[in-house]
Amino acid sequence: MANKMQARCVIVGGGPAGMMAGYLLARACVPVIVLEKHADFFRDFRGDTIHPSTLELMHELGLLDEFLKQPHQELRELRAVVNGQPVPVADFTKLPTRCKFIAFMPQWDFLNFLSSHAKRFQTFQLYMETEVVDLLIEDSRVVGVRAKTPRGELEVRADLVIGADGRHSIVHTRGGFKQCEFGVPIDVLWMRISKKQGDPKQTLGFFQHGKLLVLLDRDDYWQCGFVIPKGGFDEIKARGLPEFQNELVSFADFLRDRVAELDDWSKIKLLTVQINRLRDWCREGLLCIGDSAHAMSPAGGVGINLAIQDAVATANLLAEKLRSGPVSVDDLRKVQTRREWPTRLIQGMQVFIHRRVVTGRASGRKNSLPFVVRLLKWFPVLRQLPARFIGLGPRPEHFRSPTVT
Ligand SMILES: Cc1cc2nc3c(=O)[nH]c(=O)nc-3n(C[C@H](O)[C@H](O)[C@H](O)COP(=O)(O)OP(=O)(O)OC[C@H]3O[C@@H](n4cnc5c(N)ncnc54)[C@H](O)[C@@H]3O)c2cc1C
């Protein structure tokens, strides 16, 4: 016999979209249960960026001062090294927000922070190690989920199921949604290299003849993301580890004395990159948000922000009604209508970046700078455009759902 629970809303997935939606709905006095399949938030394969628009939301929620006390780094200007030449790419200092920087914070710290605040509301419950394996559907309406836990099976019934379970969402698969897939020509190799005194001070991107190495500063080590052509990992492996190590050094010479730490392929993880979008994000009793509705590439580092914006729009549009009962599919569709065009715009830009920048079609002659990059170098004012796009995103959301104390 499965254990049974009931809530107004059950959220599948405790990533940025799920935790923010859970926090906001609980704050608006909607009884909400978040189910997360892992035992903790400590996973490597996540981005670390908290954007100015998210920081603005933290301010609107009264959490900013405490949030900024968590260990983090502040990136006010985004610089890259393109074909060996340092170039400024985005200047966040002119943004119309309280925080004119991207905060770099390990995502597990961000999620722990949100969950600790959410747990202060009696209406919030979080169950870790609880993996949703199916939807409960009655008369074509989704009425809950079935999950497996170390303590046995669990059934949670709710007026609304929110799928926030990321790119490989069971919710959108079982919900029978149709997906549009956009070809992505890249994958990412993900690995750690230790940090040393004298290393550059912040997160870095190195572009070189259509290839890209990103180094995320995680305090005592560099989290490295190396962009490769899709399906190219076997070829890289066949060439051998020493050649791969040399390739990394050709991007960032300061890693020369420690690339040998990567002495086994098991230390190098392949992350497949996808861009896709559901045609419909909802049906009776079910709404998908974040990567579950639209998988994002790491290009531009905007997926976390977009997921959070979806969560805010969801709470803004649904919290009031959900407090007193079920919401209609027309209500749910309003979330898609609000968030779909920012998603389309950002995904369109990511497809462009993959085709023109990362795969090298725009890299021009050896050691030359692509034209767009040269424009950014010559005209500082232009750096405000990528700053707005990355830092705020199109149609930034503001917190409007009710707060019940
Ligand atoms: C290599 C890589 C690097 C990236 N770097 C960045 C970056 O630097 N900045 C940025 O903004 N974006 C980045 N992105 C994109 C970003 O990670 C996603 O867009 C963002 O995490 C989406 O948030 P989400 O909450 O929708 O989904 P997720 O972050 O994927 O969270 C989904 C959650 O659901 C849980 N879950 C899954 N299935 C189930 C289930 N059946 N039952 C219960 N729980 C489940 C998962 O464990 C997870 O905690 C990157 C993407 C990749 C692939």
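What counts as what
- Per chain, residue numbering runs from 1 following the sequence as it is written.
- With pLDDT at 70 or above as the cut-off, local features in this predicted model cover only qualifying residues; side-chain atom pairs require 80 or more to be listed or tallied, and sums for whole chains, interfaces and linings still use all residues.
- Here the side-chain values reflect all heavy atoms present in the structure, with hydrogen atoms and water set aside.
- The pairing criterion is simple: DSSP has to find at least two bridges between the two strands.
- A run of H or I in DSSP becomes a helix once it reaches four residues, and a run of E becomes a strand once it reaches two; helices and strands are each numbered from the N terminus.
- Whether a residue is buried, partly exposed or exposed follows from its accessible area with a 1.4 Å probe, protein chains only, as a fraction of its type maximum: under 20%, in between, or over 50%, in that order.
- By definition, residues are in contact when any of their heavy atoms lie within 4.5 Å.
- Throughout this description, the term salt bridge denotes a Lys or Arg side-chain nitrogen within 4 Å of a carboxyl oxygen of Asp or Glu.
- Convention adopted: a line fitted to C-alpha atoms gives each axis, helices being fitted over their contacting stretch, and angles between N-to-C directions are expressed from 0 to 180 degrees.
- The rule is short: rings of Phe, Tyr and Trp, with Trp giving its six-membered ring, pair when the centres are within 6.5 Å, and they are stacked under 30 degrees, edge-to-face over 60, tilted in between.
- Think of it as a cone above the ring: NZ of Lys or CZ of Arg counts as a charge over the ring if it is within 6 Å of the ring centre and within 35 degrees of the ring normal.
- A pair of cysteine sulfur atoms is labelled a disulfide when the two atoms are within 2.5 Å.
- If even one non-hydrogen atom of a residue comes within 4 Å of a molecule or strand, that residue is called near it.
- Distance and chemistry together define a polar contact, namely a pair of N or O atoms within 3.5 Å, with one atom able to donate a hydrogen and the other to accept it when in protein, and with adjacent residues in sequence counting only for side-chain atoms on both sides.
- When residues are sorted by character, Ala, Val, Leu, Ile, Met, Phe, Trp, Tyr, Cys and Pro go into the nonpolar class, Asp, Glu, Lys and Arg into the charged class, and all the rest, Gly among them, into the polar class.

Asks: Explain the sheet that holds strand β7 (residues 102–104) here, please?
Replies: Two strands in a sheet stick together by hydrogen bonds in their backbones, pointing the same way (parallel) or opposite ways (antiparallel). Reading across from one edge, β3-β7-β4 is the order of the 3 strands in this open sheet, with antiparallel pairing throughout. Among the strands making up the open sheet, the edge pair consists of β3 (49–50) and β4 (73–75). The pairing of β4 with β7 spans 3 bridges and is antiparallel. Looking across to β7, one finds that E74 is bridged to A103.

Asks: Would you take a moment to explain the side chain of D48 for this structure?
Replies: With respect to the helices and strands, the residue D48 is situated in the loop between β2 (32–35) and β3. You can call D48 buried: its relative accessible area is 4%. Here D48 is in contact with A103, F104, M105, P106, Q107, L216, R218 and I304, once residues within four sequence places are set aside.

Asks: Mind showing me how you'd approach unusual backbone geometry here?
Replies: For residues other than glycine, phi is negative in most cases, and the peptide bonds are mostly trans. The backbone of E129 sits at a positive phi, close to 50 degrees, despite the residue not being glycine. Classification of E129 as partly exposed rests on a relative accessible area of 39%. One non-glycine residue, S140, lies in the positive phi region at around 70 degrees. Relative to the elements of secondary structure, S140 occurs in the loop between β9 (131–138) and β10 (141–149).

Asks: How do you make sense of the pairing of strand β11 (residues 152–163) when you look at a structure like this?
Replies: Side-chain direction in a regular strand flips from residue to residue, so the side chains alternate between the two faces of the sheet. In this structure, strand β1 (residues 3–12) lies alongside β11, joined through 9 bridges in parallel fashion. Note that in β11 the partner of K4 across the bridge is E155. With 6 bridges joining them, β10 and β11 adopt antiparallel strand pairing. Considered in β11, the bridge of T149 is made with G152. Linking β10 back to β11 in an antiparallel pair, the connection comprises 2 residues. Here β11 runs beside strand β20 (residues 286–288); their pairing, made up of 3 bridges, is parallel. Paired with V161 across the bridge in β20 is L286.

Asks: Help me understand the pattern of salt bridges in this model?
Replies: When the charged atoms of two side chains with opposite charge come close together, those side chains can pair. The tally for this structure, following the rule as stated, stands at 28 salt bridges. Here R239 makes a salt bridge to E243, at a shortest N to O gap of 3.5 Å. Of the residues examined, E243 reaches a relative accessible area of 43% and is grouped as partly exposed. The network of salt bridges with common partners includes K196, D199, D257 and R258.

Asks: Got a minute to help me understand the sheet that holds strand β17 (residues 269–272) in this structure?
Replies: Pairing in this open sheet of 7 strands is mixed, and the strands run β6-β5-β14-β15-β16-β13-β17 from one edge to the other. Edge strands, defined here as strands with exactly one partner in the open sheet, are β6 (85–91) and β17. For this sheet the average axis-to-axis angle between neighbouring strands, irrespective of direction, equals 25 degrees. Relative to strand β16 (residues 221–229), strand β15 (residues 211–218) runs antiparallel, the two sharing 7 bridges. Residue pairing in the sheet places L216 in a bridge with Q223 of β16. Its contacts with the sheet place helix α7 (residues 241–251) against β13 (186–194), β14 (204–208), β15 and β16, and it is angled at close to 80 degrees to β15. Here helix α11 (residues 384–391) sits on the sheet and contacts β5 (77–82) and β6; the angle it forms with β6, its principal contact strand, is near 60 degrees.

Asks: Please clarify how the packing of aromatic side chains should be interpreted in this entry.
Replies: Two descriptors summarise a pair of aromatic rings, namely the distance from one centre to the other and the angle between the planes of the rings. All told, the structure shown has 9 aromatic pairs when counted by the stated rule. When the ring of F42 is compared with that of W108, the centres are 5.8 Å apart and the planes differ by 35 degrees; the resulting orientation is tilted. Placement of the pair is F42 in the loop between β2 and β3 and W108 in helix α4 (residues 107–118), with a sequence separation of 66 residues. The exposure class of F42 is exposed, given its relative accessible area of 52%. Residues F67 and F110 carry aromatic rings whose centres are separated by 5.9 Å and whose planes lie at 80 degrees to one another, so their mutual orientation is edge-to-face. With F67 in helix α3 (residues 64–67) and F110 in helix α4, this residue pair connects regions lying 43 residues apart in the sequence. For the residue pair F67 and F110, the accessibility class agrees, reading buried in each case. Three or more aromatic residues joined by ring pairs form one cluster here, namely F226, F233, F244, F251 and W265. Here the guanidinium or amino end of R192 rests over the ring plane of Y221, the centre of that ring lying 4.1 Å away. For the cation-ring pair, K195 lies above W222, with the distance from its terminal atom to the ring centre recorded as 5.5 Å.

Asks: Explain the state of the cysteines here, please?
Replies: Note on terminology: a disulfide is the covalent bond linking the sulfur atoms of two cysteines. Considering all chains together, one arrives at 0 disulfides under this definition. Summary of cysteine pairing: C180 is not part of a disulfide, and the nearest cysteine sulfur, belonging to C288, is at 14 Å.

Asks: Would you take a moment to explain the site of the ligand for this structure?
Replies: Close to the ligand lie 32 residues, the nearest being E36, R46, T49, D291 and I304. Within the backbone of V132, an N or O atom sits 3.0 Å from a nitrogen atom of the ligand. G303 has a polar backbone atom sitting 3.1 Å from an oxygen atom of the ligand. Among the elements that line the shell around the ligand, the one with the most residues is helix α8 (residues 303–324), at 3 residues. Among the residues making up the shell around the ligand, the classes are represented as 13 nonpolar, 11 polar and 8 charged.

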